[in-house]
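Observations on chain architecture
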Amino acid sequence: MSDLILQVAGSWTGRVQYVVMAGMFSYESSEVDWCEDNYRHSETVAEYFNTMSNIIFFVVSPIMLYLLHPYAKERSLAVHLVWIMMIFVGLFSMYFHMTLSLMGQLLDELSILWVIAVGYSVWFPRRHFPFFIKSRSTFSWMVLAITVITTVSSFVKPVANAYALNFFAVHVVYSVAVEMRSCTNPRVLRLARQAIGVWVLAISCWISDRFGCSFWKTINFCYLHAIWHILIVIATAYGSSLLSYLDALYEIPNSQPVLQYWPCDSWDLGLPYVILKGPNKTKKSC
Ligand SMILES: CCCCCCCC/C=C\CCCCCCCC(=O)N[C@@H](CO)[C@H](O)/C=C/CCCCCCCCCCCCC
Ligand SMILES: [Ca+2]
Ligand SMILES: [Zn+2]
């Protein structure tokens, strides 16, 4: 046992020494390296397509902020934090793939962790709170405490952080699936299927880039992580509108939420959002 502790302490001290020497900001100081060849298209950008694909964050976030504003005005402006923070996720993700630095990796992962935390605080259904939590503000304090602890732990083994984040994502998808069991509205069910479907595609790309790189290199197609960036932003847009709809239904009395699509509502094509048709809402079923 004491040998094991010494070994762990030894490897940790070694890692700390390495980081101090190389610097958390230096290129390739992260242990994580994605399948795309480094410096193939640029001398200063390590992973060119993985970096540039983050532009999707800067396109979708302002549109979602605009589309969800009528709902956020009625519910709480804190809702906007999700898409404001997504802009920072995009910036940090760009920085990470450009440098593959440990600082970039931590900024990328911690910003995702805090977006998920804000998402849980505003959207997690009240009726699924643990029995000892009586109000949303107490729930938010609990989420904050867990997020602070997770933030500190993330420095211990940075390479494990992404797996922990995907674990949270699985819980989000599970919660959405549970909510849909009592839902009969075809438009809402369709959006839930689309959100989960796009997430499944996204996570398949992430896993395949991580573990199937030797295969993708043989066919010279190393862009799955870049595709993941695009799909996960779409899944988050679909998921956030779905959660906003359910939240409005249960948390804003007489709001009569309705799902719409921008730019083409008649074809259900584009980005979904919520409008509130209240004040004559009478039925509380999805
Ligand atoms: C009831 C709970 C509501 C929670 C709402 C959740 C709001 C969405 C949260 C996060 C947005 C995702 C941002 C993805 C950034 C991608 C950057 C990136 O690629 N990072 C990688 C390194 O480059 C890193 O390895 C990725 C780690 C895994 C990230 C896990 C993201 C979780 C996404 C959750 C999506 C939910 C979709 C819901 C569909 C029903
Ligand atoms: Ca690479
Ligand atoms: Zn990435």
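Per an unreviewed UniProt entry, the protein chain goes by Alkaline ceramidase and derives from Synaphobranchus kaupii. According to the UniProt record, the Function (unreviewed entry) comment for the protein chain reads "Hydrolyzes the sphingolipid ceramide into sphingosine and free fatty acid." Among the UniProt annotations of the protein chain, the heading Sequence similarities (unreviewed entry) holds the following wording: "Belongs to the alkaline ceramidase family."

**What to know about unusual backbone geometry**
In this chain, Trp 262 is followed by Pro 263 through a cis amide linkage whose omega measures 10°. With respect to the helices and strands, Pro 263 occurs in strand S1 (residues 257-264). Look at Asn 220: it is not a glycine, yet its phi comes out positive at around 55°. With respect to the helices and strands, Asn 220 occurs in the loop between helix H10 (213-218) and helix H11 (224-251).

**Considerations on H11**
Over its 28 residues, H11 extends 39 Å from the first C-alpha to the last, a length consistent with the 40 Å expected when each residue adds 1.5 Å. For H11, the buried fraction is high: 22 of the 28 residues fall into the buried class.

**A word on the packing of aromatic side chains**
Counted under the stated rule, the structure contains 17 aromatic pairs. Seen from their ring centres, Tyr 120 and Phe 124 are 5.7 Å apart, and the 20° between their planes marks the pair as stacked. Between Trp 206 and Trp 228, the ring centres sit 6.4 Å apart and the planes meet at 55°, which makes this aromatic pair tilted. With Trp 206 in helix H9 (residues 186-211) and Trp 228 in helix H11, this pair connects stretches of sequence that are 22 residues apart.

**Overview of the coordination of the calcium ion (ligand 2)**
Distances from the calcium ion (ligand 2) to its protein donors, namely Asp 33 (OD), Trp 34 (O), Glu 36 (O), Asn 38 (OD1) and Glu 47 (OE), fall within the range 2.3 to 2.4 Å. Written as a sequence motif, the donor arrangement for the calcium ion (ligand 2) is D-W-x1-E-x1-N-x8-E. Placement of the pair is Asp 33 in the loop between helix H1 (2-22) and helix H2 (48-52) and Glu 47 in the loop between H1 and H2, with a sequence separation of 14 residues. Residue Asp 33 is classed as partly exposed on the basis of its relative accessible area of 37%.

**Overview of the coordination of the zinc ion (ligand 3)**
Coordination of the zinc ion (ligand 3) by the protein is provided by His 97 (NE2), His 225 (NE2) and His 229 (NE2), with metal-donor distances spanning 2.0 to 2.1 Å. In terms of primary sequence, the donors binding the zinc ion (ligand 3) are separated according to H-x127-H-x3-H. Here His 225 and its partner His 229 are both found in helix H11, four residues apart, which amounts to about one turn of the helix. Residue classification places His 229 among the buried residues on the basis of a relative accessible area of 3%.

**Quick word on the pattern of salt bridges**
If you walk through the whole model with that rule in mind, you get nine salt bridges. Here Arg 187 and Asp 268 are joined by a salt bridge, their closest N and O atoms 2.3 Å apart. Residue Arg 187 is located in helix H9, and its partner Asp 268 is located in the loop between S1 and strand S2 (269-276); the two are separated by 81 residues in the primary sequence. Classification of Asp 268 as buried rests on a relative accessible area of 17%. Here the residues in one salt-bridge network are Arg 187, Arg 190, Asp 265 and Asp 268, joined through shared partners.

Procedures and definitions
Residues numbered from 1 in each chain as written. Chains lettered and ligands numbered in written order. Predicted model: local features only at pLDDT ≥ 70, side-chain atom pairs only at ≥ 80, totals over all residues. Heavy atoms only, no water. UniProt positions renumbered as here; feature names shortened; annotations may be inferred. Helix = DSSP H or I, 4+ residues; strand = E, 2+ residues; numbered from the N terminus. Expected span 1.5 Å × (residues − 1). Buried < 20%, exposed > 50% of the residue type's maximum accessible area, 1.4 Å probe, protein only. Phe/Tyr/Trp six-rings, centres within 6.5 Å; stacked < 30°, edge-to-face > 60°. Donors = N, O, S within 2.8 Å, 3.2 Å for Na, K, Ca; no water. Salt bridge = Lys/Arg side-chain N within 4 Å of Asp/Glu carboxyl O.

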